[in-house]
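Residue-level structural notes
Residues per chain are reported as follows:
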Amino acid sequence: MRVIGITGSIACGKTTVSRELIRQGFPVIDGDKIARELTSSRGPAVESIRSAFGDSYINPDGSMNRRLMGQLVFSDPGARERLDQVMAPFLHHSVMQKIEDVRASGSPLCFLDMPLLYEKGYDRYCDTVWCVWLPEEMQLQRLMKRDGFTRGEALSRMRAVMSSDRKADLAQVVIDNSGSVEDTLSRVSELLETEMNRTRTTARRRRTSAENIAPVNAAAVRRPDPVPSRLSVPDLSGGVERPDSFRRKPAERKASWVLPRWLTAALIALAAVLLVSFTSQLLMNSYLVRQKEKHIEEQQAIDRKYPIMYKDSILASASEFNVSPSLIAAVIMNESSFRPEVESGVGARGLMQLMPDTAEWIAHKLKIDHYSFESMKKPETNIRFGSWYLNYLGSLFNNDPLCVICAYHAGQGEINGWLANPLYSQDGRTLEYDRLPEGPTKLYAGRVIRDYGIYKAKYFTETDPVDPGSAASAAP
Ligand SMILES: CC(C)(COP(=O)(O)OP(=O)(O)OC[C@H]1O[C@@H](n2cnc3c(N)ncnc32)[C@H](O)[C@@H]1O)[C@@H](O)C(=O)NCCC(=O)NCCS
Ligand SMILES: Nc1ncnc2c1ncn2[C@@H]1O[C@H](COP(=O)(O)OP(=O)(O)OP(=O)(O)O)[C@@H](O)[C@H]1O
């Protein structure tokens, strides 16, 4: 069964696409719906939400107060992280169970509609991902119109998650929903046709290869039988009547074409061995060609997904502050996807997403006169500040790579808390990936470590002062 992720940013049209899939009879697992069930009256996640947020977020009927929770989490990123941490294990358990149910039903395809597919790491369960995409301004207009939000409310929801463009970059298929609904639905039908053809071809290929194995084996095993009986023809004169030309003296017959039995058997065995080895050589060659094509396709996909920009600035800051250039590139990739102008809902700015007070403090440390936060839009300045900060975190956390990456995401205070907690750290000085609390920081760290490896292999050769390689082995 192929699992196909459907994702996209808020109000880009996932539901519109999913409804069409359901109409055509395909199973769709809906992440938002599961989250709603988990927090409905007496839903399994309600008590954990009550403990984390208090009674005021629970309705008298025992369900979560969505309006109040929505207002809180879309204006306070800390609360959003808390909600994500509470929901993560419930959501994961339920999604996995539903995928298994669909598999058990024998369906060849299973769609997983999750707005936060990439943010929450569910892409790893998908064979391919379709992203429903809209240009940002159109997304904003549709969201305001559908939910009656002001521009500010709509923007805070849009900025709470990965941008639509970034999701489209990561996905294997992009469904552009900026045209009419009919256009989008006919694109969905086209994609379904391709998927179903693929399923049929795979099934056919499986059948054909099963059929092909039998004759090869039969050739090796059965063909020798009739041949000796013809070659040895011991009695040409009796039994079956033959034309005169076949009637020769026994001595002549022997000399002209009857081979000794052992030689016949040896020749047949040799032919069988040659046939099997020739066939397996052919199969091996076609396998190698397919592997090579797959490798080239994978490399091209990686090239598209992992661009490198501002390489000179990265190298300059890496050498100035003794930080791995691959780590800087991986942080940029995950913070801004190499977009220097980007600003988050909480005001972090630029390639490495520096907050105003952190940037001002770094400017002071770097003794920069006439500093302004506007300069965080300049790639070389932003990279310089972010790299200085990575080095600073290295000095705080004994250069433990996982601590540095997690502190870049969650803040020093949070990581000090983790180090002090024996659940997360055995020695109080280092963190292990598998022990990290589930949540966005763990996901972020896993992605930075993965991307670090890719940037290191593709673009930089280095001996790293802060080398996340050791932590990478534990990452997903
Ligand atoms: C925050 C909540 C209460 C808002 O409820 P509300 O009814 O206003 O919105 P709804 O559930 O229809 O979600 C609308 C969209 O908001 C976005 N969204 C939902 N949860 C989150 C989140 N934790 N972080 C960022 N965006 C989110 C998604 O794009 C979603 O499609 C609710 O979405 C929720 O309980 N979220 C946590 C569960 C979750 O992670 N759901 C997403 C599963 S993939
Ligand atoms: N091609 C289109 N043209 C015009 N309006 C559209 C189109 N596609 C969807 N819409 C409208 O845009 C709004 C958002 O679409 P939809 O609800 O499918 O998005 P979504 O991605 O599921 O949203 P959410 O992230 O909130 O779950 C809806 O009001 C829908 O009717």
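Conventions and cut-offs
- Residues numbered from 1 in each chain as written.
- Chains lettered and ligands numbered in written order.
- Predicted model: local features only at pLDDT ≥ 70, side-chain atom pairs only at ≥ 80, totals over all residues.
- Heavy atoms only, no water.
- Helix = DSSP H or I, 4+ residues; strand = E, 2+ residues; numbered from the N terminus.
- Expected span 1.5 Å × (residues − 1).
- Buried < 20%, exposed > 50% of the residue type's maximum accessible area, 1.4 Å probe, protein only.
- Contact = heavy atoms within 4.5 Å.
- Phe/Tyr/Trp six-rings, centres within 6.5 Å; stacked < 30°, edge-to-face > 60°.
- pLDDT = per-residue confidence, 0-100.
- Core = buried A, V, L, I, M, F, W, Y, C linked by side-chain atoms within 4.5 Å.
- Near = heavy atom within 4 Å.
- Polar contact = N/O pair within 3.5 Å; in protein donor to acceptor, adjacent residues only side chain to side chain.
- Areas by Shrake-Rupley, 256 points an atom, 1.4 Å probe, with all protein chains shown as cover.
- Nonpolar A, V, L, I, M, F, W, Y, C, P; charged D, E, K, R; others polar.
- Salt bridge = Lys/Arg side-chain N within 4 Å of Asp/Glu carboxyl O.
- Axes fitted to C-alpha atoms, helices over the stretch in contact; angles between N-to-C directions.
- Parallel < 35°, antiparallel > 145°, perpendicular 65-115°, else oblique.
- Left-handed = near helix turned anticlockwise from the far one by under 90°.
- Arc of directions from axis to C-beta.

Looking at an unreviewed UniProt entry, one finds the protein named Dephospho-CoA kinase, with Aristaeella lactis as its source organism.

Turning to helix α16 (residues 379-396), a few remarks are in order. With 18 residues, α16 extends 26 Å from end C-alpha to end C-alpha; this agrees with the ideal 26 Å at 1.5 Å per step. Every buried residue belonging to α16 is among Pro 379, Thr 381, Asn 382, Ile 383, Phe 385, Gly 386, Ser 387, Trp 388, Tyr 389, Leu 390, Leu 393 and Gly 394, and all of these are buried. The inward-facing, buried residues of α16 abut α13 (311-321), α14 (325-336), α15 (356-365), α17 (401-410) and α18 (412-419). Looking one or two residues past α16, Asn 398 carries a phi angle of roughly 50 degrees, positive in sign.

Our focus in this paragraph is the packing of aromatic side chains. Counted by the stated rule, this structure contains 14 aromatic pairs. Aromatic side chains Tyr 389 and Tyr 392 sit 6.1 Å apart centroid to centroid with 15 degrees between the ring planes, which places their arrangement in the stacked category. Within this pair, Tyr 389 and its partner Tyr 392 are both found in helix α16, separated by 3 residues, close to a single helical turn. The buried category is assigned to Tyr 389, whose relative accessible area is 11%. Here the aromatic rings of Trp 418 and Tyr 424 are separated by 6.0 Å at their centres, their planes lie at 70 degrees, and the arrangement is edge-to-face. Across the pair, Tyr 424 and Trp 418 agree in class, each one buried.

Once that is clear, we can look at the confidence of the model for the protein. Confidence in the prediction of the protein, expressed as mean pLDDT, is 85, and 85% of residues score 70 or more. No element of the protein has a lower mean pLDDT than helix α10 (residues 226-232), which averages 35, and none a higher one than strand β2 (residues 28-30), which averages 97. Overall, residues 210-255 carries pLDDT values under 50, and its contacts beyond four positions in sequence, including any with other chains, amount to 26 contacts.

Attention shifts here to the nonpolar core. Core analysis: the biggest nonpolar cluster contains 51 residues, and Ile 328, Leu 390, Tyr 408, Ile 415 and Leu 431 have the highest contact counts within it. For this core, the secondary-structure elements that each account for two or more residues are α13, α14, α15, α16, α17, α18 and α19 (440-458). Those residues within four positions of Leu 431 in sequence are excluded, and the remaining contacts are Asp 400, Leu 402, Cys 403, Ile 415, Trp 418, Leu 419, Tyr 424, Ser 425 and Leu 436. Grouped together as the second largest cluster of nonpolar side chains are 36 residues, Val 3, Ile 34, Ala 35 and Ile 49 included.

Turning our eyes to something else, we now look at the site of ligand 2. Close to ligand 2 lie 15 residues; Lys 14, Thr 15, Thr 16, Arg 146 and Asn 177 are nearest. In the model, an oxygen atom of ligand 2 is placed 3.3 Å from a nitrogen or oxygen of the Cys 12 main chain. In this structure, Val 181 approaches ligand 2 through a main-chain N or O atom, which is 3.4 Å from a nitrogen atom. Taken by itself ligand 2 offers 640 Å² of open surface, and the protein chains cover 75% of this. If you list the elements that add at least two residues to the shell around ligand 2, you get α1 (14-23) and α6 (136-147). Here the shell around ligand 2 takes 3 residues from α1, the largest share from any one element. Class assignment for the residues of the shell around ligand 2 results in 4 nonpolar, 7 polar and 4 charged.

Time to look at the pattern of salt bridges. Per the stated rule, a full pass over the model turns up 17 salt bridges. Residue Arg 187 is joined to Glu 190 by a salt bridge in which the shortest nitrogen-to-oxygen separation is 3.9 Å. Placement of both Arg 187 and Glu 190 in helix α9 (residues 181-221) is noted, with a separation of 3 residues, approximately one turn of the helix. A salt bridge links Arg 450 to Asp 451; the shortest N-O distance between them is 3.0 Å. Residue class for Arg 450 comes out partly exposed when judged on its relative accessible area of 35%.

The subject of this paragraph is the packing of α14 against α16. At a closest axis distance of 11 Å, the pairing of α14 and α16 adopts a crossing angle of 115 degrees. With respect to each other, α14 and α16 are oriented roughly perpendicular. As α14 runs across α16, the sense of the crossing is right-handed. Contacts between α14 and α16 involve Leu 327, Ile 328, Val 331 and Ile 332 from the former and Ile 383, Ser 387 and Leu 390 from the latter.

This part covers the site of ligand 1. The full set close to ligand 1 counts 20 residues, and Asp 32, Arg 66, Arg 80, Asp 84 and Lys 120 are the nearest of them. One of the side-chain nitrogen or oxygen atoms of Arg 36 is found 3.5 Å away from an oxygen atom of ligand 1. A distance of 3.3 Å is found between an oxygen atom of ligand 1 and a side-chain nitrogen or oxygen belonging to Arg 157. For ligand 1, the protein covers 89% of the area, taking 780 Å² as the surface of the free molecule. In the shell around ligand 1, the residues fall into 12 nonpolar, 1 polar and 7 charged.

A separate point is unusual backbone geometry. Its identity is not glycine, yet Ser 337 carries a phi of approximately 50 degrees, on the positive side. Looking at the element boundaries, Ser 337 is found in the loop between α14 and α15. Of note, His 370 is a non-glycine position whose phi angle comes to about 50 degrees, a positive value. Looking at the secondary structure, you find His 370 in the loop between α15 and α16.

This part takes up the packing of α13 against α14. As a packed pair, α13 and α14 sit with axes 9 Å apart at the nearest point and diverge in direction by 125 degrees. In terms of axis orientation, α13 runs oblique to α14. Between α13 and α14 the crossing geometry is right-handed. Residues Ile 314, Leu 315 and Ala 318 of α13 form the contact with α14, whose participating residues are Pro 325, Ile 328, Ala 329 and Ile 332. Of the residues in the contact of α13 with α14, the class split is 7 nonpolar, no polar and no charged.

For the α-helix, the turn length of 3.6 residues means that residues three or four positions removed from each other point alike. Where α18 is concerned, the buried positions are Ile 415, Trp 418 and Leu 419. Taken down its axis, α18 places every buried residue within 100 degrees of arc, on the same side. Considering only its buried residues, α18 is in contact with α17 and α19.

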